[in-house]
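Residue-level listing of the chains:
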Amino acid sequence: MRMKRLMLATMVAVGLVGCTEEAPKTHAERPIAIAIHGGAGTITRENMSPEREVLFRQALTYATEAGYAVLEDGGSSVDAVQAAIQMMEESPLFNAGRGAVYTYEGRHELDASIMLGATGEAGAVAGVGNIRSPIAAARAVMEQSRHVMLSGSGAEEFARYVGLEQVSNTYFNTTERYEQLQQALERLRAREATGDQIAFEQSWEPAFNMGTVGAVALDSHGNLAAGTSTGGMTAKRWGRIGDAPVIGAGTWADNESCAVSATGHGEYFIRFHVAADICSRVKYQGKSIAEAGNEVIHNVLLPAGGTGGVIIVDNKGNISMPFNTEGMYRASKSNSTELSVGIYGPEQQ
Ligand code: ASP
């Protein structure tokens, strides 16, 4: 007994006992991570010029780095998400903010949402036409109103009231999106001529719908956040709203599981409650984000006819970015993984 005590005392003295307990992690050692997307769809090397590919890679890199810099400085995940998304909203390359697609009537109606994993607070705007940064408006709804989702002219009035920058709807005009609208209208009218408009409405054209942007992040305080911003679908009509502003469908964050932002055929993402479903599988079934994301994107959405993808980050800083389309503009960075930028599917990397 005496011998044992002596041995223990010696071990403590030379530091062999007590080293099993980890010292609390310093701020800089805690995991931080960000992932972003710029839309999913028929994105292949064949339909992409090398010059355009460079532009996309640059834009994705800048947006990721902008968000990561916030996290690295000890900033919050919601600030990182907003910084990355606003960078993409300002780029005409993406179908969000500046590069938003046209509606059937030749206007732009934008949707966005944002959510905090720590508290479940969320904000969203839908069908807005003159707010320069819809993601900033979604955040203002979350922080400065008692509501979760505001739409149309009411949302615009609220944005004015809280002092967000207003622009005319033509600010979102771009030649490329205008041409996409003309192609969509041509197809629509051809179907209308055969009295088959309903079939057109049902047969969504994925090629017209790429570029929604989103970001998910984990900060050094252990808080997750997610955000999504979009111009919706080319030639959308009847005040159509997609999944991007629908909490649980296009955006979800819960510190106990993960944060998700989606892109793709919004109607399916709404019906299958995609973003929240992925995090529920992580939370209640103990699945990894890769397992949960793949299940929902490949085994739930695809068999039902839903195309698109998601970016996911969990509360340990793991990142997963599954999609069931040919490509998805995406990028990520964490303090345990280098910056990674992807556009095409695995067979075209
Ligand atoms: N999900 C968006 C929508 O349906 C579009 C997209 O992600 O491309 O409005």
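As shown above, the structure is provided for reference.
Residues numbered from 1 in each chain as written. Predicted model: local features only at pLDDT ≥ 70, side-chain atom pairs only at ≥ 80, totals over all residues. Heavy atoms only, no water.

Visitor: Please give an account of the packing of aromatic side chains that cites residues and values.
Guide: Remark: the centre distance and the inter-plane angle together describe each pair of aromatic rings, the angle taken between the planes. This structure, assessed with the given rule, holds five aromatic pairs. Consider the rings of F56 and F94, whose centres lie 5.6 Å apart with planes at 75°: the pair is edge-to-face. With F56 in helix α2 (residues 50-72) and F94 in the loop between α3 (77-89) and β2 (110-116), this pair connects stretches of sequence that are 38 residues apart. Assessed through its relative accessible area of 2%, F56 is described here as buried. Owing to a relative accessible area of 0%, F94 belongs among the buried residues under this scheme. Centre to centre, the rings of Y102 and Y178 are 5.6 Å apart; their planes meet at 70°, and the pair counts as edge-to-face. Here Y178 lies in helix α6 (residues 175-193) and Y102 lies in the loop between α3 and β2, a separation of 76 residues in the sequence. Clustering of aromatic rings is evident, with ring pairs tying together F56, F94 and Y329. (Phe/Tyr/Trp six-rings, centres within 6.5 Å; stacked < 30°, edge-to-face > 60°. Helix = DSSP H or I, 4+ residues; strand = E, 2+ residues; numbered from the N terminus. Buried < 20%, exposed > 50% of the residue type's maximum accessible area, 1.4 Å probe, protein only.)

Visitor: Which residues make up the site of the ligand, and what are the values?
Guide: Taken together, nine residues sit near the ligand, with T212, R240, D243, T263 and G264 positioned nearest. In the environment of the ligand, an oxygen atom lies 2.8 Å from a nitrogen or oxygen atom belonging to the side chain of R240. Within the backbone of G266, a nitrogen or oxygen atom sits 3.0 Å from an oxygen atom of the ligand. Within the complex, the protein chains bury 100% of what would otherwise be the 270 Å² of accessible surface of the ligand. Of the residues belonging to the shell around the ligand, the class tally is no nonpolar, seven polar and two charged. (Near = heavy atom within 4 Å. Polar contact = N/O pair within 3.5 Å; in protein donor to acceptor, adjacent residues only side chain to side chain. Areas by Shrake-Rupley, 256 points an atom, 1.4 Å probe, with all protein chains shown as cover. Nonpolar A, V, L, I, M, F, W, Y, C, P; charged D, E, K, R; others polar.)

Visitor: Tell me what's going on with the sheet that holds strand β11 (residues 327-334), and back it up with residues and numbers.
Guide: Read from one edge of the open sheet, eight strands run β4-β3-β2-β6-β5-β1-β11-β12, paired in mixed fashion. The open sheet has two free edges, formed respectively by β4 (149-151) and β12 (340-344), since each of these has just one partner strand. Direction aside, the axes of adjacent strands within the sheet are offset by 10° on average. In this sheet, β4 lies alongside strand β3 (residues 122-128) in parallel orientation, the contact comprising three bridges. Across the sheet, the residue bridging to A126 is S151, located in β4. Relative to the sheet, α3 contacts β1 (33-41), β2, β5 (213-218) and β6 (224-230), its axis offset from that of β5 by approximately 155°. (Pairing = 2+ DSSP bridges. Axes fitted to C-alpha atoms, helices over the stretch in contact; angles between N-to-C directions. Contact = heavy atoms within 4.5 Å.)

Visitor: How would you sum up the packing of α3 against helix α4 (residues 134-144)? Please name residues and give values.
Guide: At a closest axis distance of 8 Å, the pairing of α3 and α4 adopts a crossing angle of 150°. Considered as vectors, α3 and α4 are oriented roughly antiparallel to each other. The residues of α4 that touch α3, namely those facing V78, D79, Q82, I85, Q86 and E89, are P134, I135, A136, R139 and M142. Of the residues in the contact of α3 with α4, the class split is six nonpolar, two polar and three charged. (Parallel < 35°, antiparallel > 145°, perpendicular 65-115°, else oblique.)

Visitor: Describe the state of the cysteines, naming the residues involved and giving the relevant values.
Guide: Following the criterion strictly, the structure yields one disulfide and no others. Here C258 is linked by a disulfide to C279, with a sulfur-sulfur distance of 2.4 Å. Classification of the bridge connecting C258 and C279 rests on its S-S torsion, roughly -125°, and on that basis the disulfide is left-handed. Of this pair, C258 sits in strand β8 (residues 258-264) while C279 sits in helix α9 (residues 274-285), and the two are 21 residues apart along the sequence. The same class applies to C258 and to C279, which are both buried. (Disulfide = S-S within 2.5 Å.)

Visitor: Give me the sheet that holds strand β7 (residues 251-253): which residues, what numbers.
Guide: With antiparallel pairing, four strands are arranged side by side in an open sheet as β7-β8-β9-β10. On the outer flanks of this sheet lie β7 and β10 (319-320), each paired with one strand and no other. Pairing analysis gives two bridges linking strand β9 (residues 308-314) to β10, with the strands arranged antiparallel. Bridging from a neighbouring strand, V313 pairs with I319 of β10. In the packing of α9 onto the sheet, the strands contacted are β7, β8 and β9, and the crossing angle to β8 comes to about 145°. Across the face of the sheet, helix α10 (residues 289-304) comes into contact with β8, β9 and β10 while running at roughly 160° to β9.

On their own, these measurements won't tell you what the molecule is for.
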